Amino acid sequence: MFPAFSIIFFTVMSGFGFGLAALVASGLIEMTNPFDYILVLGTILAFSGAGLISSTFHLGHPERAWRALTQWRSSWLSREGVLAIITLDAVCGWFAYDYFVGPPALWANVIVVLLALATIYCTAMIYASLRTVAKWYNPLTPLCYLAFGIATGLLGLAALNEMIGGTSDHLVAYASLALLGAWIAKLIWWRMGKDSGSTRETATGLGALGTVRPLMPPHTSENYLQKEMGFQIGRKHADTIRIIALIIGAAAPLAILSYLPVTAITMTLAFGLAMAGLFFERWLFFAEAKHVVMLYYR
Amino acid sequence: MTSLPEPQAIKLGLVIDLDICVGCHACVVNCKEWNTSGYGAPLADENAYGADPSGSWLNRVHSYEVTSEETDISRTVHFPKSCLHCEDAPCVTVCPTGASYKRAEDGIVLVNEDWCIGCGLCAWSCPYGAREMDPAEQVMKKCTLCVDRIYNENLPEEDRQPACVRTCPTNARHFGDLGDPNSEVSLLVAARGGMDLMPEQQTKPVNQYLPPRARPQPEDTASLVAMAEAAQPTGFWKWVDSTLDKISGGA
């Protein structure tokens with residue numbers, strides 16, 4: 001599948017933004033002065049907002065994007081949009097209450113956490129619900145999205161906590177475990193979903209007559225289907241991209257968390273590296289995914 | 001609304017006879033001709049005579065070679081492919097805007113181009129490649145089953161069928177109600193063993209494909225050569241044969 005940069009950016013950035021929102025509402029960071037609130041809320045809104053706005057960039061008609069909020073009954077893409085907006089409203093409400101009134105009740109925390117996690121889940125289900133892409137059509141797909149959202153959220157939280165003068169040793173431990181767990185899930189995911197169950201024979205229905213091979217193409221130049229579903233560049237370099245993702249996104253931040261002193265700078269560095277690694281991981285997520293329609297062509 | 005309608009009695013669709021199709025692409029061309037000026041925005045046809053033409057088409061004809069494992073004899077099968085108007089159409093339920101919908105009254109899957117945001121997710125969800133984003137209009141284009149022909153009382157009755165069916169010079173394409181077990185198309189499907197494409201994708205396509213009929217195959221092509229060699233010459237060639245026999249016999 002063609003890895004539109006706006007979509008890679010959207011899934012990585014909003015995954016972190018909503019992961020961070022869930023962790024803040026879980027009470028993992030203590031904010032005391034106005035600056036703390038502005039910094040943490042600003043980070044959540046900046047990342048999730050940038051992701052959501054970016055997701056409209058690949059649209060043919062972004063001016064109609066509001067219509068995407070209407071079909072939440074059937075469409076995961078619509079659910080994602082609706083939940084993202086509800087969640088960001090709830091997060092703003094949570095911050096306002098926490099600042100002006102005091103710590104919100106447990107039920108309010110639980111609602112914000114669930115909304116944020118549900119938003120990440122919907123993002124993943126946009127892809128995991130497509131039976132046509134065997135690589136994605138897998139219950140582990142949303143698990144990976146959630147795990148990376150929480151892992152980057154914890155790294156970002158540790159960095160923010162250091163910036164506002166908290167102690168982050170417990171967050172570093174959580175972040176290391178979460179990042180390790182997310183990448184283990186990803187390593188398993190990479191080995192899954194190789195068989196769509198469809199073949200050229202089932203695609204043409206001609207299997208009963210023998211083996212099928214394309215003789216003449218239906219058109220002489222690339223069409224939308226080739227450009228969108230037949231993208232090759234990522235696949236050609238898949239192993240290289242995988243190693244880059246693992247070094248930048250897993251090994252480097254885990255080494256920083258394990259061996260360097262916990263400061264705002266080291267935590268920001270670990271967070272930045274993990275996010276950069278996720279861009280490569282997400283590039284592979286799209287580029288490596290094979291669509292069954294290509295069976296008609298090769 | 002992009003929820004699918006309850007299954008209805010009427011299921012309009014196409015039956016495509018792979019035994020008859022000769023791969024002339026007339027259906028492709030007539031489809032584009034009708035639909036570029038009919039339902040919705042025109043179908044792009046950019047740089048048509050240049051090095052890198054692009055455009056959107058609602059119907060494409062592939063050609064395959066099928067080789068029998070037992071006899072090693074192969075045959076060519078021309079394979080027209082357009083929207084199959086699936087009963088469980090994933091392209092409808094994934095649509096976030098309600099632009100992609102399946103009509104309750106006849107099962108035709110359509111795109112409301114004024115609502116389409118051009119996200120492309122419906123094309124990703126379709127296993128058959130039946131949807132193409134129009135490169136000029138940036139909305140999703142797909143087969144409408146010529147909804148603007150089949151009910152059009154301004155057209156003579158014989159023209160009230162999809163353009164691809166009307167134009168097919170070999171009668172390889174049929175249009176009708178596949179929900180009615182006694183319709184001509186349903187009887188054809190029953191008689192010829194019509195099949196779903198990629199049933200494992202669980203889309204329940206309405207369009208059906210009729211498999212190529214079994215052909216009598218010569219058991220051994222070498223026998224044809226032997227047959228030709230054993231043939232006795234007549235007329236002029238009989239005279240040449242006998243004369244040459246005499247010359248070589250006499251030498």
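Residues numbered from 1 in each chain as written. Chains lettered and ligands numbered in written order. Predicted model: local features only at pLDDT ≥ 70, side-chain atom pairs only at ≥ 80, totals over all residues. Heavy atoms only, no water.

Visitor: How do you make sense of the overall build of chain A when you look at a structure like this?
Guide: A tally of helices and strands in chain A yields eleven helices and one strand. Its helices and strands taken in sequence order, chain A reads α-α-α-α-α-α-α-β-α-α-α-α from the N to the C terminus. For a compact globule of 298 residues, the expected C-alpha radius of gyration is about 19 Å, and chain A comes in at 21 Å, within 12% of that figure. Summarising its shape, the C-alpha atoms of chain A cover approximately 75 × 45 × 30 Å along the three principal directions. Sorting the 298 residues of chain A into buried and exposed places 56% on the buried side. (Helix = DSSP H or I, 4+ residues; strand = E, 2+ residues; numbered from the N terminus. Rg over C-alpha atoms; globule rule 2.2 N^0.38 Å. Buried < 20%, exposed > 50% of the residue type's maximum accessible area, 1.4 Å probe, protein only.)

Visitor: Please clarify how the overall build of chain B should be interpreted in this entry.
Guide: When you go through chain B residue by residue, the secondary structure sums to eight helices and eleven strands. What you see for chain B is a C-alpha radius of gyration of 25 Å, clearly larger than the 18 Å of a compact globule of 251 residues, by over 25%. Principal axes of the C-alpha set define a box for chain B whose edges measure 95 × 45 × 40 Å. Expressed as a percentage of the 251 residues in chain B, the buried residues total 50%. Within chain B, contacts between residues separated by at least 24 positions form 62% of all contacts whose residues are at least 6 apart in sequence. In the structure as shown, chain B presents an accessible area of about 12000 Å², 54% of it carried by carbon and sulfur atoms. (Contact = heavy atoms within 4.5 Å. Areas by Shrake-Rupley, 256 points an atom, 1.4 Å probe, with all protein chains shown as cover.)

Visitor: Explain the environment of Gly230(A) to me, please; I cannot follow it from the model alone.
Guide: Residues and elements named next belong to chain A. Turning to its location among the elements, Gly230 is positioned in the loop between α8 (224-229) and α9 (233-236). Residues Gly230 and Met1 lie 229 residues apart in sequence; the distance between their C-alpha atoms is 6.1 Å. Beyond its immediate sequence surroundings of up to four residues, Gly230 is in contact with Leu225 and Met294.

Visitor: Quick question: what am I supposed to make of the packing of helix α1 (residues 5-25) of chain A against helix α2 (residues 34-55) of chain A here?
Guide: In a pair of packed helices, the angle between the axes and the distance between the axes together describe the arrangement. Residue and element names in this part refer to chain A. Interaxial distance between α1 and α2 falls to 7 Å at its minimum, and their mutual angle equals 150°. Here α2 runs roughly antiparallel to α1, going by the angle between their axes. Here α1 runs over α2; the crossing is left-handed. Residues Ser6, Ile7, Phe9, Phe10, Met13, Ser14, Phe16, Gly17, Phe18, Leu20, Ala21 and Val24 of α1 touch α2, and the partners they reach there are Val40, Thr43, Ile44, Phe47, Ser48, Ala50, Gly51, Leu52, Ser54 and Ser55. (Axes fitted to C-alpha atoms, helices over the stretch in contact; angles between N-to-C directions. Parallel < 35°, antiparallel > 145°, perpendicular 65-115°, else oblique. Left-handed = near helix turned anticlockwise from the far one by under 90°.)

Visitor: So what exactly am I meant to see when it comes to the packing of helix α3 (residues 76-100) of chain A against helix α4 (residues 106-128) of chain A here?
Guide: Residues and elements named next belong to chain A. Close contact between α3 and α4 brings their axes to 8 Å; oriented N to C, the two are set at 155°. Of the possible angle classes, the one that applies to α3 and α4 is roughly antiparallel. Handedness of the crossing formed by α3 with α4: left-handed. On α4, the residues touching Trp76, Leu77, Arg79, Glu80, Leu83, Ala84, Ile86, Thr87, Ala90, Val91 and Trp94 of α3 are Ala108, Asn109, Val112, Leu115, Ala116, Ala118, Thr119, Tyr121, Cys122, Thr123, Met125 and Ile126. For the contact of α3 with α4, the residue count by class is 17 nonpolar, four polar and two charged. (Nonpolar A, V, L, I, M, F, W, Y, C, P; charged D, E, K, R; others polar.)

Visitor: Looking at this structure, how should I read the interface of chain B and chain A?
Guide: Think of interface size as the accessible area that goes away when the parts come together; that is how it is often given. With 60 residues of chain B at the contact, the number on the chain A side is 58 residues. Around 4800 Å² of area is buried between chain B and chain A when both sides are counted, 58% of it from carbon and sulfur atoms. On the chain B side of the interface with chain A, the three residues burying the most area are Tyr64(B), Ile117(B) and Trp124(B), jointly 17% of the side's total. Counting across the chain B and chain A interface gives one salt bridge. (Buried area = accessible area lost by both parts, 1.4 Å probe. Salt bridge = Lys/Arg side-chain N within 4 Å of Asp/Glu carboxyl O.)

Visitor: Looking at this model, I keep getting lost on α3(A). Mind explaining?
Guide: Every α-helix carries 3.6 residues per turn, so stepping three or four residues along brings you back to the same face. Residue and element names in this part refer to chain A. In this model, α3 (25 residues) spans 35 Å end to end at C-alpha, consistent with the 36 Å of a helix rising 1.5 Å per residue. All of the buried residues in α3 are Ser78, Glu80, Gly81, Val82, Leu83, Ala84, Thr87, Leu88, Val91, Trp94, Phe95 and Asp98. Where α3 is buried, its residues touch α1, α2 and α4. Between a side-chain oxygen at the N-terminus of α3 and the backbone nitrogen of Leu77 the separation is 3.3 Å; the capping residue is Ser75. (Expected span 1.5 Å × (residues − 1). Polar contact = N/O pair within 3.5 Å; in protein donor to acceptor, adjacent residues only side chain to side chain.)

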